[in-house]
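A look at the structure
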Amino acid sequence: MSQTIVVIPGDGIGPEVMEATLGVLEALALGLRFEVHHAGLTALERVGELLPPDTLEAIGRHRVALKGPLTTPVGEGFSSINVELRRRFDLYANVRPARSFPGMSSRYEGVDIVTVRENTEGAYLAEGQSLSADGEVAQSLIRVTRRGSERIARYAFELARRTGRRRVTVVHKANILKTTSGLFLKVSREVAREYPEIDCREMIVDNACMQLVLDPSRFDVILTTNLFGDILSDLCAGLVGGLGLAPAANVGTEAAIFEAVHGSAPDIAGKGIANPAALMLASAMMLEHLGHADAAARLRNAIADTLRSRDRLTPDLGGQGRTADFAAAVSERLA
Ligand code: ATP
């Protein structure tokens, strides 16, 4: 039976980069089916809700979604639609590859790092936030669990094993956050023992930032908690030339949602010049997740070759191509 993918075009440049991405997926002729549902501002305008029930139901049923950027208006019930989606579907693993592409301007060549970030607990959730009546004292809870730490550590080591990666660096702050970061580190060490072929290193987060900037080749897979992962994965994206080429996956046991890291770019929305490469790379991650590893590699190679040849690149990459031109350049390489 052919796989159905829930497609959420999203806000701003979302529909433009999604159309381009669906075009290259069609060119792969895998017989995938696409079911379009809405979320974000677009959904709010259409049906009066940021996350309509039919969208949630479709993700639950088909278990795989490709999502454009979503805008969360202030004061609409939850602080972020993306965080709400992670919570609803328990998408505990946020996976962010940062890979250099030849010919793209970046600080380093040959970078190939995957950040595996715990996505459902820790400081980033800002649970129990409060501000005293006089506005002088703010606080928030950091909750880390053995279960949460164990499943993300296992995800990172399994990913390393599956993809032939040799090193996992656990990034933490257990010297100061002795209980929360301490539990994460302790459980990661326990899981690491089950993967003797993988070199497990540990690094305190501040040192990890410095080492990444000095010499990214020391890193392979980074395993870390939610807030550190949020920051480190953007740092890694910066090492390879910014967010224009940065894809992400949010994976849980019940569903997986694939997306570009960049936002809705309202400044260029509707102009037809958005760079669709990050969402295309996210769709390659999705193909891998669906068991189409060969097609994923073909798509990645076609994107890499288009970038290397500087063929019809969009203005953010220094070219004069439009979104549709870049998509055509990638599709022609798939033909
Ligand atoms: P949001 O609130 O949705 O996060 P933002 O404008 O704060 O939006 P981004 O959407 O990530 O953040 O945009 C940051 C800058 O990068 C903008 O100038 C935008 O035009 C540019 N940008 C982001 N994504 C792309 C893209 N795919 N192609 C071209 N430029 C992009």
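Computed from a predicted structure; not experimentally measured.

It is worth spelling out the sheet that holds strand 3 (residues 64-67) at this point. Hydrogen bonds between backbone groups are what pair the strands of a sheet, and the pairing can be parallel or antiparallel. The strand order across the open sheet built from 10 strands is 2-1-3-12-11-4-5-10-8-9, with neighbouring strands paired in mixed fashion. Unpaired on one side and paired on the other, strand 2 (33-36) and strand 9 (199-204) mark the two borders of the sheet. Strand after strand, the sheet turns through a mean of 25° between neighbouring axes, direction not considered. Sheet topology note: the strand 3/strand 12 (residues 256-260) ladder contains 4 bridges and is parallel. Looking at strand 12, one finds that Ala65 is bridged to Ile257.

Before going further, it helps to examine the nonpolar core. Counting 70 residues, the largest nonpolar core has Leu66, Leu223, Phe258, Leu299, Leu307 and Val330 as its most contacted members. Formed jointly, this core draws a minimum of three residues from each of two domains, domain 1 (1-97 + 243-335) and domain 2 (107-239).

Over the atoms rolls a probe the size of a water molecule, and its path tells where empty space is left. There is about 550 Å³ of room inside the largest pocket. Elements with a contribution of two residues or more to the lining of the largest pocket: strand 4 (93-99), helix 5 (146-163), strand 11 (247-251) and helix 9 (277-289). When the residues that make up the lining of the largest pocket are grouped by side-chain class, the tally is 16 nonpolar, 2 polar and 5 charged. A domain-level breakdown of the lining of the largest pocket finds at least three residues from each of domain 1 (1-97 + 243-335) and domain 2 (107-239). The computed volume of the second largest pocket comes to approximately 340 Å³. Lining the second largest pocket are 20 residues, and of these Asn82, Arg86, Glu259, Ala260 and Val261 sit closest to its centre. Among the elements of the structure, helix 4 (81-88), strand 4, helix 8 (226-239) and strand 12 are those that each provide at least two residues to the lining of the second largest pocket. Summarising the domain contributions, the lining of the second largest pocket has at least three residues from each of domain 1 (1-97 + 243-335) and domain 2 (107-239).

What follows is about the side chain of Lys67. Within the secondary structure layout, Lys67 lies in strand 3. Take Lys67: its relative accessible area is 3%, and that puts it in the buried class. Within polar-contact distance, the side chain of Lys67 engages the side chain of Asn82 at 2.8 Å. Within the local environment of Lys67, its side chain forms a polar contact with the side chain of Glu259, the two groups lying 2.8 Å apart. Beyond its immediate stretch of four places on either side in the chain, Lys67 contacts Ile8, Met18, Asn82, Leu85, Ile257, Phe258, Glu259, Ala260 and Leu279.

Our next topic: empty space enclosed by the protein. Tallied over the full model, the rule gives 2 cavities of 30 Å³ or more. As a volume, the largest cavity reaches approximately 50 Å³. Lining the largest cavity are Lys67, Asn82, Leu85, Arg86, Leu91, Asn250, Ile257 and Glu259. Residue assignment for the lining of the largest cavity shows that the elements contributing at least two residues are helix 4 and strand 12. Here the element with the most residues in the lining of the largest cavity is helix 4; it accounts for 3 residues. Each residue belonging to the lining of the largest cavity can be placed in one class, and the counts come to 3 nonpolar, 2 polar and 3 charged. Considering only enclosed or pocket space, the second largest cavity measures out at about 40 Å³ in volume. Classifying every residue of the lining of the second largest cavity gives 2 nonpolar, 5 polar and 2 charged.

This part takes up the domain arrangement of the protein chain. Under the domain assignment, the protein chain is made up of domain 1 (1-97 + 243-335) and domain 2 (107-239). When each unit is reduced to the centre of its C-alpha atoms, the spacing between domain 1 and domain 2 is 25 Å. With 15 residues of domain 1 in contact, the opposing surface of domain 2 contributes 17 residues. The tally of links between domain 1 and domain 2 comes to 3 salt bridges. Among the salt bridges present, the one from Arg96 reaches Asp234, with a minimum N-O distance of 3.0 Å. Counting the contacts that link domain 1 with domain 2 gives 9 residue pairs in polar contact (both at pLDDT 80 or more). When contributions to the side of domain 1 that touches domain 2 are tallied by element, the ones reaching two or more residues are helix 4, strand 4 and strand 11.

Cut-offs applied
Residues numbered from 1 in each chain as written. Predicted model: local features only at pLDDT ≥ 70, side-chain atom pairs only at ≥ 80, totals over all residues. Heavy atoms only, no water. Pairing = 2+ DSSP bridges. Helix = DSSP H or I, 4+ residues; strand = E, 2+ residues; numbered from the N terminus. Axes fitted to C-alpha atoms, helices over the stretch in contact; angles between N-to-C directions. Core = buried A, V, L, I, M, F, W, Y, C linked by side-chain atoms within 4.5 Å. Buried < 20%, exposed > 50% of the residue type's maximum accessible area, 1.4 Å probe, protein only. Domains from an automatic or database assignment. 1 Å grid on protein atoms, 1.4 Å probe; cavity = no way out; pocket = protein on both sides within 12 Å on 5 of 7 lines; lining within 4 Å. Points joined across faces, edges and corners; volume = space filled by probe spheres on them. Nonpolar A, V, L, I, M, F, W, Y, C, P; charged D, E, K, R; others polar. Polar contact = N/O pair within 3.5 Å; in protein donor to acceptor, adjacent residues only side chain to side chain. Contact = heavy atoms within 4.5 Å. Salt bridge = Lys/Arg side-chain N within 4 Å of Asp/Glu carboxyl O.

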